[in-house]
Amino acid sequence: MALVTNTPQWQALTAHWQQMSKVHMRDLFARDGGRAERMSLDAAGLHLDYSKNIASDETLALLFDLARAVDLEGWRARMFAGEPINNTEQRAVLHVALRNRANRPVLVDGRDVMPDVNAVLEQVRVFSEGLRAGTWKGFTGKAITDVVNIGIGGSNLGPKMVCAALRPYQGATPRPHFVSNVDGTHLMDTVRGLDPETTLFIVASKTFTTQETMTNAHSARQWLVAALGSEAAVRNHFVAVSTNAAAVAAFGIDTENMFGFWDWVGGRYSLWSAIGLPIAIAVGFDNFSELLAGAHDMDAHFRSAPLERNLPVIMALLGVWYVDFAGARSQAILPYDQSLEYFPAYFQQGDMESNGKHVTRGGVRVDYATGPVVWGQPGTDGQHAFYQLIHQGTELIPADFIAPIHSHNPLGDHHAKLLANCFAQTEALMRGRTLDEALAEMRAGGLSEAESARLAPHRQFDGNRPTNTLLMDQLTPRTLGALIALYEHKIFCQGIVWDINSFDQWGVELGKQLAGVILDELAAGKVTADHDASTRALLEYYLRRR
Ligand SMILES: O=P(O)(O)OC[C@H]1O[C@](O)(CO)[C@@H](O)[C@@H]1O
């Protein structure tokens, strides 16, 4: 298939940006009293205001034309139908089946996967409830107080992000902990202070071969056995979440204590599967079910709403608009909720591992930009760190602002202040401050004409910086589920427009392979492989000084 850049729809958008790049959002609002209302949308408990974008009705119409030209609706149907749309691994992409609360049959190779999905969910329910009730005992007969998830990437970030986001739903115990980095400091810092008699480890790895996870799991096992004095203790203190039963058994974990999932669940889309076990343990299975239900609400919306009223589609197309036509290179995610502290990091993997691709599904090198750099952190910390660049830097950085109407911690006027900042930032980013406004403000403040003129260029803001604002009543398991699913589907839609496979991750393999070679050399104390001069010198430097 020809590259998407050759389609008339893409070319129309290129020409359209020539006009829109001269338009200021201030004027779009001034000309059109209905803009904010028309460009707002509610679905699955979320409210999206996308009116503060450098986009007119014509822009959106052209973007929807592009979506239709690439058959977004057809691809969406193919994903939900379980077709192998991950074409480099010949796999279906069915995280939607994991939260298919309607229990609609989902066929993979002619077989309904829902009975398996429901069976694992039931296993998660029984185990998590037993652990929370204290009926699952450690080796010495004590109930579990601390659960350490050992995993990395998709086997870490999702449960870690959700456990933090749903802290208000957690009791005093069991406390969730997360170890991912192969740096021994991570494991040691985590287990220091934990009681081995009341600690359970979940080894979470789809492949059960990932170096970081297996290294941490073996060290955790040693820590436990040394403390409890018996190999037999492993049975009570280790469970596994994996697709690789043989490797789980080889590690010494009883496969009775293994929670399975399937190759049609991508790592970065797996928190809805048994990878979510730490979530069910931390907040209870009912809340975990609510999380799935929220995602299912968003799935139903994504699947059935027309493109023009479809939240993930709109956010995806606006993202394409900035990346491919306005030259934006990054996308900020700015939650105004401390509980969402790991949300940007979660979607850094979700988005960048999915859409950081340079060839089309057919293997042809693209001649357009694909996935942007995704980054962010909670407001208001970010305001005092990097917002300066978003306001007055030379980069165009589209930003998503996410906030709940109600806080779980309604302390004095904290939340009003937090939200005042959130709304003020999007207003300032859109409006900016003209030179005349800057001058008038300084004169009113008593500055001399000369001083006002000198400072005015520094105090002037262009504005016209695009933002989306996403609001929800409160960050509950249900609204969080919908929010995560919204971003997942956004990523999917962008992958379809860019004609890339969003569900493989070959780009992380080369580094893994080379690390294996280097590790052997470090073990032998000698550089033997064929390295570039820089890498060779660094290895020799390290070997001389270690
Ligand atoms: O669950 P596993 O197999 O240990 O993989 C962990 C992570 O490694 C990757 O394969 C590559 O970073 C991710 O996609 C995945 O989430």
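Residues numbered from 1 in each chain as written. Predicted model: local features only at pLDDT ≥ 70, side-chain atom pairs only at ≥ 80, totals over all residues. Heavy atoms only, no water.

S.K.: Help me understand the domain arrangement of the protein, please; the structure alone is not making it clear to me.
M.R.: When the parts come together, some accessible area is lost, and that loss is often what is quoted as the size of the interface. Under the domain assignment used here, the protein contains domain 1 (96–288) and domain 2 (507–544). The gap between the C-alpha centroids of domain 1 and domain 2 is 33 Å. (Domains from an automatic or database assignment.)

S.K.: Can you help me understand the site of the ligand in this one?
M.R.: Around the ligand, the surrounding shell holds 14 residues, and the nearest of these are Ser155, Ser205, Thr207, Thr210 and Glu353. The separation between an oxygen atom of the ligand and a polar side-chain atom of Gln349 is 3.3 Å. When the ligand sits alone it has 390 Å² of accessible area, and the protein chains cover 88% of it. Tallied by class, the residues present in the shell around the ligand amount to 2 nonpolar, 9 polar and 3 charged. (Near = heavy atom within 4 Å. Polar contact = N/O pair within 3.5 Å; in protein donor to acceptor, adjacent residues only side chain to side chain. Areas by Shrake-Rupley, 256 points an atom, 1.4 Å probe, with all protein chains shown as cover. Nonpolar A, V, L, I, M, F, W, Y, C, P; charged D, E, K, R; others polar.)

S.K.: Whenever I open this one, the packing of aromatic side chains confuses me. Can you help?
M.R.: Pairs of aromatic rings are described using the distance from one ring centre to the other and the angle between the two planes. Applying the stated criterion across every chain, the model contains 24 aromatic pairs. For the pair Trp10 and Phe325, a centre-to-centre distance of 4.6 Å together with 50 degrees between the ring planes defines the contact as tilted. On the criterion of sequence distance, the pair formed by Trp10 in helix H1 (residues 8–20) and Phe325 in helix H15 (residues 311–325) is long-range, its members being 315 residues apart. As far as burial versus exposure is concerned, Trp10 and Phe325 are alike and both buried. Seen from their ring centres, Tyr336 and Phe401 are 5.6 Å apart, and the 20 degrees between their planes marks the pair as stacked. (Phe/Tyr/Trp six-rings, centres within 6.5 Å; stacked < 30°, edge-to-face > 60°. Helix = DSSP H or I, 4+ residues; strand = E, 2+ residues; numbered from the N terminus. Buried < 20%, exposed > 50% of the residue type's maximum accessible area, 1.4 Å probe, protein only.)

S.K.: How do you make sense of the nonpolar core when you look at a structure like this?
M.R.: Taken as a class, soluble globular proteins show a tendency for nonpolar side chains to be buried jointly. Counting 125 residues, the largest nonpolar core has Trp264, Phe343, Leu470, Leu483, Ile484, Tyr487 and Phe492 as the members making the most contacts within it. Setting aside residues up to four positions removed in sequence, Ile484 forms contacts with Met161, Val162, Leu271, Trp272, Phe343, Tyr346 and Phe347. (Core = buried A, V, L, I, M, F, W, Y, C linked by side-chain atoms within 4.5 Å. Contact = heavy atoms within 4.5 Å.)

S.K.: Mind showing me how you'd approach the UniProt feature "active site" (unreviewed entry) in the protein here?
M.R.: Mapped onto the present numbering, the UniProt feature "active site" (unreviewed entry) falls on Glu353, His384 and Lys512. The named residues occupy 160 residues along the chain; their greatest pairwise C-alpha distance, 36.7 Å, places them well apart from one another. Mapped onto the elements of the fold, Glu353 is located in helix H16 (residues 343–355). Filtering out sequence-adjacent residues up to four positions away, Glu353 remains in contact with Arg268, Gln348, Asp504, Gln505 and Val508. Reaching out from Glu353, the side chain makes a polar contact with the side chain of Arg268 at a distance of 2.9 Å. Examined against the element boundaries, His384 turns out to sit in the loop between strand E11 (373–375) and helix H17 (387–392). The exposure class of His384 is exposed, given its relative accessible area of 72%. (UniProt positions renumbered as here; feature names shortened; annotations may be inferred.)

S.K.: It is not clear to me how the pairing of strand E12 (residues 399–406) should be interpreted in this structure. Could you clarify?
M.R.: Put simply, side chains in a regular strand alternate between the two faces of the sheet. Burial within E12 is extensive, with 6 of its 8 residues counted as buried. Two elements, strand E10 (residues 330–335) and E12, share 4 bridges in a ladder whose sense is parallel. Paired with Ala332 across the strands is Ala399, a residue of E12. Bridge analysis of E12 against strand E13 (residues 467–474) gives 7 bridges, and the strand direction is parallel. Paired with Phe401 across the strands is Thr469, a residue of E13. (Pairing = 2+ DSSP bridges.)

S.K.: I tried to follow the side chain of Ser339 on my own but got confused; where do I start?
M.R.: One can find Ser339 in the loop between E10 and H16. Residue contacts for Ser339: discarding those within four places in its chain leaves Ala164, Ala165 and Leu475.

S.K.: In this structure, what is going on with the pattern of salt bridges? I would like to understand it.
M.R.: Should the charged atoms of two oppositely charged side chains come close, the side chains can pair. Scanning all chains against the criterion turns up 33 salt bridges. With its nearest N and O atoms 2.7 Å apart, the salt bridge here joins Glu488 to Arg99. Of this pair, Glu488 sits in helix H21 (residues 477–497) while Arg99 sits in the loop between helix H6 (95–98) and strand E3 (107–108), and the two are 389 residues apart along the sequence. According to the relative accessible area criterion, Arg99 is buried, its value standing at 0%. Residues joined in a network through salt bridges with shared partners are Asp32, Arg38 and Asp57. (Salt bridge = Lys/Arg side-chain N within 4 Å of Asp/Glu carboxyl O.)

S.K.: What exactly am I supposed to notice about the sheet that holds E12 here?
M.R.: Strand pairing in a sheet is mediated by backbone hydrogen bonds. Such pairs are either parallel or antiparallel. If you walk across this open sheet you meet the 6 strands as E1-E2-E13-E12-E10-E11, and the pairing is mixed. Of all strands in the sheet, those bounded by a partner on one side alone are strand E1 (40–43) and E11. When strand polarity is set aside, the average angle formed by the axes of neighbouring strands in this sheet is 15 degrees. For E1 and strand E2 (residues 46–49), the ladder comprises 4 bridges, and the chain directions are antiparallel. Of the residues in E2, the one forming a bridge with Ala43 is Leu46. Contacts from helix H18 (residues 414–431) reach E12 and E13 within the one sheet, and its direction differs from that of E12 by about 150 degrees. Most of the contacts of H21 go to E13, to which it runs at about 155 degrees, and overall it touches E2, E10, E12 and E13. (Axes fitted to C-alpha atoms, helices over the stretch in contact; angles between N-to-C directions.)

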